[in-house]
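What follows is each chain in one-letter form.
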Amino acid sequence: MAADFVAEVAGIDLRKPLSPELAQGLRDALNKYAVLIIPDQPLDEAQQLQVAQIYGPLETSIGSYIANDKKPRRLGHAQLSDISNLDEQGKLIGEADIRRLVLLSNQLWHTDSSFKKTPASASLLSAQEVSPVGGATEFADMRAAWDKLDPATQEQIRDLVAIHDYFHSRSLLGLEDYSIPQEWKERQPPVKQVLVRNNAHNSRRSLYLASHIKGIEGMSEQESRVLLDRLMTFSTQPQFVYRHRWRLNDLVIWDNRCTMHRGTNYNQAYRRAMRRATVQDIGPTVPAQ
């Protein structure tokens, strides 16, 4: 595991009720590191949500109202995001299904729910079925990336504000603006987020990047793109990245405030079933005007 970034937690069974001491230990571990790997956790949906709630209030999955308005969901709780290639009957989704685009977009570097006014703090992803090859998830340590930035760049960006848009990242993969229902846009408008975050638990700064960023406030589109591409390339160098190869019943918990992540490609002929619980942060990163 990567020192000061990723830790594996062994010897616990999260299907059992969590003691106050264990819950606090898991919170402390996530504050110290940024990614926790907990193997051998065959959790059901309710158990996963109980674990997630030790980190704070849970989000409603955007998948419960974006792209699936007219379809039943495979999962039984609106607080769980379906990170699978299965439909509501448990069969492989078709090539024309818009959920294929959502799966593909997970291969872009991103931070969960940065496109919401109050973004995510922690995410907890549980693996019920894994593909035999491919499908790893990569995590980038945005604290270490900030620490290694040159002082001039740190000074340039420390007070900048970015515009995050759920549909911007989808447009990068071919979802045309005219094909997006107006109701979806109204439910998920662009939001402002700081470009550099400060962790109140340890006073470490971190970059706050995602493929959802469509621009930087006060910069032209071209200037924004050049800066964002440079920061994204810098922060995803191998020295900052951990690659997790999934095993059945792995539970991975990460801090969205100081990491980015992306899925990697796998053969869609194989079944893959995962579900994510996402914890809401304490409030917006940019104060209301």
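Look a little higher up for the structure.
These notes cover the structure that comes with them.

1. Description of the overall build of the protein chain
Point 1. Scanning the protein chain for helices and strands turns up eight helices and 14 strands.
Point 2. Its C-alpha radius of gyration of 18 Å places the protein chain within 12% of the 19 Å reference for a compact globule of 289 residues.
Point 3. With the C-alpha coordinates of the protein chain rotated into their principal frame, the extents come out at 50 × 50 × 35 Å.
Point 4. Counting over 289 residues, the protein chain shows a buried share of 54%.
Point 5. Put simply, 82% of the contacts in the protein chain that link residues at least 6 apart link residues at least 24 apart.
Point 6. Surface accessibility of the protein chain: about 13400 Å² in total, with carbon and sulfur atoms responsible for 51%.

2. As for the layout of surface pockets
Point 1. Roughly 500 Å³ of volume is contained in the largest pocket.
Point 2. For the largest pocket, the lining is made up of 26 residues, of which Ser121, His201, Arg257, Asp281 and Ile282 are closest to its centre.
Point 3. Where the lining of the largest pocket is concerned, the elements lending two or more residues are helix H1 (20-32), strand S4 (120-129) and strand S8 (196-198).
Point 4. When residues in the lining of the largest pocket are grouped by element, the largest group, five residues, is from H1.
Point 5. Within the lining of the largest pocket, the residues separate by chemical class into eight nonpolar, 11 polar and seven charged.

3. Remarks on the sheet that holds strand S10 (residues 213-216)
Point 1. Taken in spatial order, the three strands of this open sheet run S7-S6-S10, and their pairing is antiparallel. Each having just a single partner strand, strand S7 (191-194) and S10 make up the two edges of the open sheet. The mean inter-strand angle of the sheet, taken between neighbouring strand axes irrespective of direction, is 35°.
Point 2. Bridging between strand S6 (residues 161-164) and S10 involves three bridges; their strand directions are antiparallel. Its bridge partner lying in S10, Ala162 is registered against Ile216.

4. Here we look at helix H2 (residues 45-52)
Point 1. The element H2 is extensively covered by neighbouring structure, given that six of its eight residues are classed as buried.
Point 2. Listing the buried residues of H2 in full gives Glu45, Gln47, Gln48, Leu49, Val51 and Ala52.
Point 3. Residues of H2 that are buried make contact with strand S3 (80-82), S4, strand S12 (251-255) and strand S14 (273-280).

5. A look at the packing of aromatic side chains
Point 1. Going through the model one piece at a time under the given rule, you end up with four aromatic pairs.
Point 2. Between Tyr166 and Phe167 the ring centres are 5.1 Å apart and the planes differ by 90°, which places this aromatic pair in the edge-to-face class. Comparing Tyr166 with Phe167 shows no difference in burial state: the two are buried.
Point 3. Through pairs of rings, three or more aromatic residues link up here, namely Phe115, Tyr166 and Phe167.
Point 4. In this arrangement the basic side chain of Arg197 is found over the ring face of Tyr208, its NZ or CZ atom lying 4.9 Å from the centre.

6. Observations concerning unusual backbone geometry
Point 1. Residues other than glycine seldom take positive phi values, yet Ser113 does so here, at roughly 60°.
Point 2. Structurally, the position occupied by Ser113 is in the loop between helix H3 (99-105) and S4.
Point 3. Within the chain, Asn249 stands out as a residue other than glycine whose phi angle is a positive 70°.
Point 4. Mapping Asn249 onto the fold places it in the loop between strand S11 (241-244) and S12.

7. Concerning the sheet that holds S3
Point 1. With respect to topology, six strands assemble into an open sheet ordered S1-S2-S12-S4-S14-S3, the strand pairing being mixed. Where the open sheet ends on each side, the last strands, each with one partner, are strand S1 (6-8) and S3. Between one strand axis and the next, the sheet turns through 20° on average, direction left out of account.
Point 2. The pairing of strand S2 (residues 35-38) with S12 spans four bridges and is antiparallel. Within S12, the position partnered with Leu36 by the bridge is Ile253.
Point 3. Its contacts with the sheet put H1 on S2, S4 and S12, and the angle it makes with S2 is roughly 130°.
Point 4. Contacting S3, S4, S12 and S14, H2 crosses the sheet at an angle of about 30° to S14.

Thresholds, definitions, all that
Residues numbered from 1 in each chain as written. Predicted model: local features only at pLDDT ≥ 70, side-chain atom pairs only at ≥ 80, totals over all residues. Heavy atoms only, no water. Helix = DSSP H or I, 4+ residues; strand = E, 2+ residues; numbered from the N terminus. Rg over C-alpha atoms; globule rule 2.2 N^0.38 Å. Buried < 20%, exposed > 50% of the residue type's maximum accessible area, 1.4 Å probe, protein only. Contact = heavy atoms within 4.5 Å. Areas by Shrake-Rupley, 256 points an atom, 1.4 Å probe, with all protein chains shown as cover. 1 Å grid on protein atoms, 1.4 Å probe; cavity = no way out; pocket = protein on both sides within 12 Å on 5 of 7 lines; lining within 4 Å. Points joined across faces, edges and corners; volume = space filled by probe spheres on them. Nonpolar A, V, L, I, M, F, W, Y, C, P; charged D, E, K, R; others polar. Pairing = 2+ DSSP bridges. Axes fitted to C-alpha atoms, helices over the stretch in contact; angles between N-to-C directions. Phe/Tyr/Trp six-rings, centres within 6.5 Å; stacked < 30°, edge-to-face > 60°. Lys NZ or Arg CZ within 6 Å of the ring centre and 35° of its normal.

All quantities given are derived from atomic positions and should not be read as evidence of function.
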